[in-house]
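Listed below, chain by chain, are the residues.
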Amino acid sequence: MPSPLIIFQSEEESEFSIAEEKKVKSWIKKVFRQERMTCGQLYYFFCTDEHLLNINKEFLNHKTYTDIITFDYSEKKTVSGEIFISIDRVRENAKKYKQPFHEELKRIVIHGVLHLCGYKDKSAKDKKVMRNKEDAALELYKAL
């Protein structure tokens, strides 16, 4: 089995890099372990609203902006995938929810991980479970 690989990339237009990259990677792996999953290959792509909107239209047939799209390539308990995050949406959501940008970004980063672990967020019940998992993961980050 390949060793865990977590890559953060940014499209040229967004000119974004993640702060505390090593700590974030360690945190992601720890969340996978708590969920009894193994981290395989995980690619994060930070992009603009327009880039993510194009992905949303092409692959999901949705014509709306979104903050995150997750493509799951997992096999059994080894989690692998691609997570696309709109930095524009994260900034807007941070303002909307009165959160610092870096806190909202961590929530979205781990939201993608939780999707890959099987958590959904379409129903009110699922959203509540997802939010509780996000909150617990954010507390775990603070403890690192």
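Let me begin by describing the structure that accompanies this report. The structure displayed is predicted, hence computed values, not measured ones.

## Looking at the packing of helix α4 (residues 101–116) against helix α5 (residues 124–143)
- Packing of α4 against α5 leaves a shortest axis separation of 9 Å and a crossing angle of 120°. Taken together, the axis directions place α4 and α5 in an arrangement best described as oblique. Of the two possible hands of crossing, α4 and α5 adopt the one that is right-handed. Mapping the contact onto sequence places Lys106, Arg107, Ile110, His111, Leu114 and His115 in α4 and Met130, Arg131, Lys133, Glu134, Asp135, Ala137, Leu138 and Tyr141 in α5.
- Across the contact of α4 with α5, the residue classes break down as six nonpolar, two polar and six charged.

## Some points on the nonpolar core
- In this structure, Trp27, Ile28, Tyr44, Phe46, Ile85 and Val109 are the most contacted members of the largest nonpolar core, which totals 34 residues.
- Counting residues per element, the ones that place at least two in this core are β1 (5–10), α1 (21–34), β2 (38–47), β4 (78–86), α3 (87–96), α4 and α5.
- Of the residues forming this core, the biggest block, seven residues, is contributed by α4.
- Ignoring sequence-local partners within four residues, the contact set of Trp27 consists of Lys106, Val109, Ile110, Ala137, Leu138, Leu140, Tyr141 and Leu144.
- Residues Phe45, Cys47, Ile69 and Phe84 belong to the second largest nonpolar core, which totals seven residues.

## Some remarks on the pairing of β2
- Along β2, seven of the 10 residues are buried, which leaves the element largely enclosed by surrounding structure.
- Direction of pairing for β1 relative to β2: parallel, over a ladder of six bridges. Bridge pairing in β2 places Phe8 opposite Tyr44.
- One ladder, built from eight bridges, connects β2 with β4; its direction is parallel. Bridge assignment links Thr38 to a residue of β4, and that residue is Thr78.

## Thoughts on the pattern of salt bridges
- One pass over the structure, following the stated rule, counts eight salt bridges.
- Between Glu21 and Lys25 there is a salt bridge, with its nearest N and O atoms 3.1 Å apart. Of the two residues, Glu21 and Lys25 both sit in helix α1, four residues apart, roughly one turn of that helix.
- The partner of Arg131 in a salt bridge is Glu134, and the shortest N-O contact between them spans 3.2 Å.

## Topic: the environment of Ser86
- Secondary-structure assignment places Ser86 in strand β4.
- On the basis of relative accessibility, which here comes to 0%, the residue Ser86 falls in the buried class.
- Sequence spacing of Ser86 and Glu75 is 11 residues, and the spatial spacing of their C-alpha atoms is 26 Å.
- Aside from chain neighbours lying at most four places away, what touches Ser86 is Cys47, Thr48, Asp49, Leu52, Thr66 and Asp67.

## Thoughts on α3
- Turning to α3, its buried residues number three or more, namely Ile87, Val90, Asn93 and Ala94. For α3, the angular spread of buried residues about the axis comes to 120°, placing them on one side. Exposed side chains of α3 directed beyond 90 degrees from the buried face belong to Lys95 and Lys96.
- Just beyond α3, the residue with positive phi is Lys98, at close to 55°.

Cut-offs used in this document
- Residues numbered from 1 in each chain as written.
- Predicted model: local features only at pLDDT ≥ 70, side-chain atom pairs only at ≥ 80, totals over all residues.
- Heavy atoms only, no water.
- Axes fitted to C-alpha atoms, helices over the stretch in contact; angles between N-to-C directions.
- Helix = DSSP H or I, 4+ residues; strand = E, 2+ residues; numbered from the N terminus.
- Parallel < 35°, antiparallel > 145°, perpendicular 65-115°, else oblique.
- Left-handed = near helix turned anticlockwise from the far one by under 90°.
- Contact = heavy atoms within 4.5 Å.
- Nonpolar A, V, L, I, M, F, W, Y, C, P; charged D, E, K, R; others polar.
- Core = buried A, V, L, I, M, F, W, Y, C linked by side-chain atoms within 4.5 Å.
- Buried < 20%, exposed > 50% of the residue type's maximum accessible area, 1.4 Å probe, protein only.
- Pairing = 2+ DSSP bridges.
- Salt bridge = Lys/Arg side-chain N within 4 Å of Asp/Glu carboxyl O.
- Arc of directions from axis to C-beta.

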